[in-house]
Amino acid sequence: MVTQRAVHEMSGEGSSGSVALAFDYLPTATALVDMTGVHTVIAANRALLSLTADPVRPLVGAPFSSLVASGGDRLAFSGGGAARAATEERLLLANGRQIPVSMHVAQLPGASRPTAVVQFQLQERQQEAERALRSSEKRLQDMADNVNTLIYLKSADGRYILINRHYERVLGEGREDVVGKTDFDLWPAEIATAYRSADQQVLAAGVPMEFEEPIPTDGVWGMWLSLKFPLFDEDGVAYAVGGISTDISGRNRAEMAIREARDEAERANRAKSEFLSRMSHELRTPLNSILGFGQLLQIDEEQPARRESIDRIVGAGRHLLSLINEVLEISRIEAGAQSVSVEPVDACAPLIEAIDLVRPLAAQHGVELAVDLHGGLHQYVLADYQRLKQVLLNVLMNAIKYNRPEGMVTVSAEVADGRLRFLVTDTGIGIGESGLERIFQPFERLGAEQSDTEGSGLGLALSRSLVELMGGAIGVARSVPGRGSVFFVELPTTSERSREPEVARKVETLVPATCADLASLTVLYIEDNLANLELVRKVLARMGEPTLIPAMQGQLGVELAALHSPDLVLLDLHLPDTDGEEVLRRLRADPRTSSIPVVVLSADAMPAQIERLKAGGAADYVTKPLDIPVFLAAVKAAVGCPE
């Protein structure tokens, strides 16, 4: 073949035809041109022949000027074999048509005479590639323009390559005014610095990263959530940063609103707790006189008719006190301040105690108690012992109080699916379908207008809160109006065994208490309420009439304690000149009074405060209204009087 011979001769190849074969099958149209004399085509590969050769006009041996429209004036190459930059030409095809091409010329190395390698890159293919590239870029731009987030590309030196329409709207500038600029040309310096810092982190790390970046919107500082990622060239070098940024200002504002609402709710809870604490104190103060003097009258009164009236006064006072206590306890649970100590508890133990406590009430109402504990024997539940007893006691008392004369209350237990259920069945008034959930709402007393049964409407609401704190449930299994109800209290069982229950402190009976050693004692009572002073004076008179020193101001009480060294200090917390807690601190700090026992008498019954005062050095904390037996026990224990 002429082409192969020419390639062999010009390239110095001998027997091997590999070079000629490779030349012949190059995908790019290529010719070898003898550069001596008239530039003559001495070889052409298949790609070129398919475009230009025909029987009338053979290509090999023809002058190069017949191949290109310019006549070959641009055919030249630089010395040393280096290729010339491409030039634009028009290639003459066999059918007479001309097509634009890029012509690349280089010297053939090792040839016996000057020979040029000429390659024609069809511009149509280039244009097609460019059109495909432009089409791809347009699709990318169209997609980016229809997304309601910022999409952008920046070069490694921070200059914008591409932005979408949303970015144009945010900036208020067209992309032609943005491309080529940096963030420092577009944004305030502090924002641009933040953006550039994030871009540099992505380029350095070589991995996608998320950032929260500032942005001013409508005069208010907002925030972008930006996903930024590196773009790499063929050598694996990061040459650009891409970014997708979403405005999260609304989300941040919503989160801030939630935080503010939560803070406001917490403030409201604290205010409610403070209000309830204050109201508790204000209500307990007059109740202290009502119940205190009422109890003294109970001790002294011997006439049955008058004793009955006194009993009613004391009973009504205790009911009011119970209502105050339940309101406070529900408030503490709602505020998250109430805690329970959940541990393995013998299921029958608190139930038996609760049943024993309600037997007198059942006898008073003529209600029979039937107990079947077989289902709960040798079973242990996860509960707070005292709280569980409180709940069971409340359910049992309701079953008795709202029963019919000569009715019955049946108590039983059963275990299923890892939970033990206490069942309390009564033959009382029953509850309609619409009232089954209402009875667990605070202050809800169904049918109270048709009954003279005392109640606060808080017992079941408090019981539900306590049971749920212990991980259990309380509810009504079934109820038929006029025929009775079945209440249940359900708790998770456990295989662990409970510890031995603590022995409860013996409660004194309501009788005059005497101790021969108390008559010679001196008691300082720091209290600004005259009625409370008088009540304590009369109660102490039953203890051998110790000397009582009143002090109606805190600082005066501190001075009298140092002057007289009393055997006992009784301390109220709400004093006109200083806080009782501060008085306790001063008494403990003064060596002259540091060893004197102090019993706090206060209408504030918040558990956290009681614990704090005891930790601060109080020997005991007795809440008002005074339960006289409890008060007497605290006084005798503080001064070491033998029982």
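As shown above, the structure is provided for reference.
The structure contained in this document is the topic of the report that follows. If you're wondering where the values come from, they're calculated on a predicted model, not measured in any experiment.

Once that is clear, we can look at the nonpolar core. Nonpolar side chains in soluble globular proteins tend to be buried together. One finds Val381, Leu388, Leu396, Val409, Phe422, Phe487 and Val489 to be the most contacted residues of the largest nonpolar core, which totals 41 residues. Counting only elements with at least two residues in this core, the list comes to α10 (348–365), β13 (380–383), α11 (385–401), β14 (408–416), β15 (419–426), α12 (459–469), β16 (473–480) and β17 (484–494). Per-element tally for this core: the top contributor is α11, with 8 residues. Residue contacts for Phe487: discarding those within four places in its chain leaves Val395, Phe422, Leu423, Val424, Ile431, Ile439, Phe440, Leu460, Gly475 and Val476.

On to α10. Along its 18 residues, α10 runs 25 Å from first to last C-alpha, staying within 8% of the 26 Å computed at 1.5 Å per residue. Within α10, the axis deviates most sharply at Val358, by approximately 40°, and proline Pro360 lies no more than four positions further along. Turning to α10, its buried residues number three or more, namely Cys348, Pro350, Leu351, Ala354, Ile355, Val358, Leu361 and Ala362. Tucked inside the fold, the buried residues of α10 contact β11 (343–346), β12 (368–372), α11, β14 and β15. Looking one or two residues beyond α10, the residue adopting positive phi is Gly366, at roughly 70°.

Here the focus is the sheet that holds strand β1 (residues 29–34). In spatial order, the strands read β2-β1-β5-β4-β3; together these 5 strands make up an open sheet with antiparallel pairing. The open sheet has two edge strands, β2 (40–44) and β3 (87–92), and neither has a second partner. Along the sheet, successive strands turn relative to each other by an average axial angle of 40°, direction set aside. Where strand β4 (residues 98–107) lies against strand β5 (residues 115–122), 7 bridges are found, and the strand directions are antiparallel. When the bridges of β5 are listed, Ala106 appears paired with Val117.

For any two helices packed against each other, one specifies the crossing angle of their axes together with the interaxial distance. One can describe the packing of α10 onto α11 by two numbers: an axis separation of 9 Å at closest approach and a directional angle of 25°. Between α10 and α11, the crossing angle belongs to the class labelled roughly parallel. Crossing angle aside, the handedness with which α10 passes α11 is right-handed. In this structure, α10 uses Ala349, Pro350, Leu351, Glu353, Ala354, Ile355, Leu357, Val358, Leu361, Ala362 and His365 to contact α11, whose residues at the interface are Tyr385, Leu388, Lys389, Leu392, Leu393, Leu396, Met397, Ile400 and Lys401.

Next up on the list: the pattern of salt bridges. Going through the model one piece at a time under the given rule, you end up with 21 salt bridges. Its salt-bridge partner being Asp199, residue Lys154 comes within 2.9 Å of it at the nearest N-O pair. Of this pair, Lys154 sits in strand β6 (residues 150–155) while Asp199 sits in helix α7 (residues 189–205), and the two are 45 residues apart along the sequence. Here the two residues Lys154 and Asp199 agree in accessibility, since each one is buried.

Criteria and thresholds
- Numbering of residues starts from 1 in every chain and runs along the sequence as written.
- Confidence filtering applies because this is a predicted model: local features only for residues at pLDDT of at least 70, side-chain atom pairs given and counted only at 80 or more, and all residues used for totals across whole chains, interfaces and linings.
- Excluding hydrogens and water, the side-chain values take into account all heavy atoms of the structure.
- Residues grouped as a nonpolar core are buried Ala, Val, Leu, Ile, Met, Phe, Trp, Tyr and Cys residues, joined through side-chain atoms within 4.5 Å.
- Throughout, exposure labels follow a simple rule: accessible area from a 1.4 Å probe, protein chains only, divided by the maximum for the residue type, with under 20% read as buried, over 50% as exposed, and the rest as partly exposed.
- Secondary structure elements are taken from DSSP: a helix is a run of H or I of four residues or more, a strand is a run of E of two residues or more, and numbering for both begins at the N terminus.
- Here, residues are in contact when the closest pair of their heavy atoms is within 4.5 Å.
- Any helix carries an expected span of 1.5 Å times its number of residues minus one.
- Bend, in this description, refers to the angle at a residue between axes fitted to the seven residues ending there and the seven starting there.
- Two strands qualify as a pair provided that DSSP identifies no fewer than 2 bridges between them.
- Inter-axis angles, ranging from 0 to 180 degrees, are taken between N-to-C directions of lines fitted to C-alpha atoms, where helices are fitted over the stretch in contact.
- Throughout this description, any angle smaller than 35 degrees is read as roughly parallel, any larger than 145 degrees as roughly antiparallel, any in the 65 to 115 degree range as roughly perpendicular, and the remainder as oblique.
- By convention, the crossing between two helices is left-handed when the near helix turns anticlockwise from the far helix through less than a right angle, and right-handed when the turn is clockwise.
- The salt bridge criterion pairs a side-chain nitrogen of Lys or Arg with a carboxyl oxygen of Asp or Glu, the two atoms within 4 Å.

Such coordinate-based values are descriptive only and should not be taken to indicate function.
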